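Listed here are the chains, written in short residue letters.
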Amino acid sequence: VIFTYDVLWVRSDIKWASRWDVYLQMQGMDDEIHWFSIVNSSVILLFLSGMVAMIMLRILRKDLYRYNQLEQSEEAREEAREESGWKLVSGDVFRAPKHAALLAVYIGTGVQVLGMSIFTIGFAVLGFLSPSNRGSLLFSIIVLYIIMGFPAGYVSAVFCKMFKGAGTDRLKNTVMTATVFPGVVFSIFFMLNLILWGDRATGAVPFGTLVALLFFWFAMSLPLVFLGSYLGFRRAPVEFPVRTNPIPRQVPDQIWYMKTAPSVLMAGVLPFGVVFVELFFILSSIWQHRFYYLFGFMSLVLIILLLTCAEITIVMTYFQLCAEDYHWWWRAYMTSGASAVYLCVYACYYVFSRLQLAKATLASAAIFFGYILILSYAFMVLTGFTGFIACFFFVRIIYGSIKVD
């Protein structure tokens, strides 16, 4: 049986640059939802910022004034020191944490992922990335991730040198910065591709493309990380504003909601609440074949997300230090990074409520959950680094403002 078809070309007055407007006009109601989400998140952020600024300025200014006042007697100074617990751990607050080398690696990786996200969304807002150019977004993400390997290696080396004597090794730190995050992502991606190969799916990535990805990784990204790491280890080490005591201070028993798991999970709700509406549209564009062209909304959500991560981490770390718990390094990273847990849970809810998972094959389910795992992992690194770096400067500032004998 021979099938034939005819094509009739009709001249149109629509300009070539405006050919996608018909799809964008179908999302008018979606625009209203986006604006409502942006306004709602902005109001929450402004309220949180006002509360944080008022509480922190009043408390910290009062504490610092009473602590540094020279005219008062020694008894009054000791009483002022005992009033607030965060000053009591000044000799331990900058003690290197456990697994300091791994923390330095994830700090550098956070720089890489955050920089990649900011520049990718920025180029998309400026109109350089369009759905008419298939694959341009993914290619831009890969190229920008490779370029951001240089600052990632530099920042990771700076923190590795700062954690001197805590089991850190320069070569190991550099290699891990260049391989840990992309290694996990590539392993998941390769396993998913094996499933597609076994299923003989047309969406499987060719072997040549995988070789090209490995070439970009080892021939371009790895040297940039080593170059940044070399410059980072050559600079002077970061000096802390207070000395670290030779003997660690015993941490008192903490109330249940100030322990690591409850406090981290409670704090992670807020950053997720900022992005969950936008996440719905992103998942719909991926799995329901809808066009996502609203990068301006995404840029606003990213700004609100970064500010929220910084503020909630600073607040939770301040409460932790007031409870005389100076193990803040990893918890500061995981406070806002825990929002990735809620992102993963919401994605699972989305697949069961919006997609016909019961009719999906094993390969389709594996692809969905595999990509969600990659997205959650990247989101944890991005939000975790944002909260950590804000908290790091906050701790340096407040402890640099007190006088320690």
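The numbers attached to residues start from 1 for each chain and follow its sequence in the written order. Thresholds applied to this predicted model are a pLDDT of at least 70 for local features of residues and 80 or more for the giving and counting of side-chain atom pairs; totals over whole chains, interfaces and linings are not thresholded and use all residues. Computation of side-chain values: all heavy atoms of the structure, hydrogens and water removed.

### Points about the packing of helix 6 (residues 149–162) against helix 7 (residues 170–198)
Lines fitted to C-alpha atoms define the axes here, with helix axes fitted over just the stretch in contact, and angles between the N-to-C directions of these axes take values from 0 to 180 degrees. Secondary structure elements are defined from DSSP: runs of H or I of at least 4 residues count as helices, runs of E of at least 2 residues count as strands, and each element is numbered from the N terminus. The interhelical angle for the contact between helix 6 and helix 7, taken along N-to-C directions, is 145°, at an axis separation of 10 Å. Once helix 6 is placed against helix 7, the crossing between them reads as right-handed. Residue-level inspection shows Ala152, Gly153, Ser156, Ala157, Cys160 and Lys161 of helix 6 in contact with helix 7, the latter providing Arg170, Asn173 and Thr177. Of the residues in the contact of helix 6 with helix 7, the class split is 3 nonpolar, 4 polar and 2 charged. Two helices that cross are described as forming a left-handed crossing if the nearer one is turned anticlockwise from the farther one by less than a right angle, and a right-handed crossing if clockwise. Between two residues, a contact is recorded if the distance between any of their heavy atoms is within 4.5 Å. Amino acids outside the nonpolar list (Ala, Val, Leu, Ile, Met, Phe, Trp, Tyr, Cys, Pro) and the charged list (Asp, Glu, Lys, Arg) are all regarded as polar, and Gly is one of them.

### Some remarks on the side chain of Thr308
One can find Thr308 in helix 11 (residues 295–322). Not counting residues up to four positions away in its chain, the partners in contact with Thr308 are Leu45, Leu48, Leu270, Pro271 and Val274.

### Examining the pattern of salt bridges
Salt bridge, as used here, is a side-chain nitrogen of Lys or Arg placed within 4 Å of a carboxyl oxygen of Asp or Glu. As enumerated under the stated definition, the model contains 3 salt bridges in all. Arg249 serves as the salt-bridge partner of Glu324, at 3.2 Å between the closest nitrogen and oxygen. Of this pair, Glu324 sits in the loop between helix 11 and helix 12 (329–337) while Arg249 sits in the loop between helix 8 (207–234) and helix 9 (260–267); the two residues are 75 residues apart in sequence, bridging distant segments of the chain. Each residue's exposure class comes from its accessible area (1.4 Å probe, protein chains only) as a fraction of the maximum for that residue type: buried when under 20%, exposed when over 50%, partly exposed otherwise. By relative accessible area, Arg249 is classed as partly exposed at 30%.

### A closer look at unusual backbone geometry
The phi dihedral of His99 is positive, around 55°, even though this residue is not glycine. Of note, His99 is situated in the loop between helix 3 (74–83) and helix 4 (100–125). In this structure, Glu324 takes a positive phi of about 65° despite not being glycine.

### A few points about the packing of aromatic side chains
Only rings of Phe, Tyr and Trp enter the pairing, Trp through its six-membered ring, and a pair is recorded when the two centres are within 6.5 Å. The plane angle decides the type: under 30 degrees is stacked, over 60 is edge-to-face, the rest tilted. Applying the stated criterion across every chain, the model contains 29 aromatic pairs. Residues Tyr333 and Phe388 carry aromatic rings whose centres are separated by 6.4 Å and whose planes lie at 50° to one another, so their mutual orientation is tilted. On the criterion of sequence distance, the pair formed by Tyr333 in helix 12 and Phe388 in helix 14 (residues 362–400) is long-range, its members being 55 residues apart. Phe388 shares its class with Tyr333; the two are buried. Through pairs of rings, three or more aromatic residues link up here, namely Tyr106, Phe159, Phe163, Trp328, Trp329, Trp330, Tyr333, Phe388, Phe392 and Phe393.

### With respect to the nonpolar core
Residue types Ala, Val, Leu, Ile, Met, Phe, Trp, Tyr and Cys, when buried and joined through side-chain atoms within 4.5 Å, form a set referred to as a nonpolar core. Membership of the largest hydrophobic core comes to 83 residues, with the highest contact counts inside it found for Phe159, Trp328, Trp329, Phe388, Val395 and Tyr399. The residues touching Trp328, leaving out its near neighbours within four places in the chain, are Val93, Thr317, Gln320, Leu321, Phe388, Cys391, Phe392 and Val395. If you look at the next biggest cluster of nonpolar residues, it comprises 7 residues, including Ile188, Leu192, Leu196 and Ile374.

### Considering a nonpolar patch on the surface
Here a patch means residues that are over 30% exposed by relative accessible area and free of salt bridges, tied together within 9 Å if like-charged and within 5 Å if nonpolar (Val, Leu, Ile, Met, Phe, Trp, Tyr). The method behind every accessible area is Shrake-Rupley, applied with a 1.4 Å probe, and residues are considered shielded solely by the protein chains displayed. Together, Phe190, Met191, Leu194, Trp197, Phe207 and Val211 line one region of the surface with nonpolar side chains, adding up to about 560 Å² of accessible area. Listing elements by their share of the nonpolar patch, those giving two or more residues are helix 7 and helix 8. At 4 residues, helix 7 tops the list of elements feeding residues into the nonpolar patch. Note on placement: Met191 falls in helix 7.

### Looking at helix 12
Counting buried residues in helix 12 gives 7 out of 9 residues, a clear majority hidden from the surface. Looking only at helix 12, the buried set comprises Trp329, Arg331, Ala332, Tyr333, Thr335, Ser336 and Gly337.

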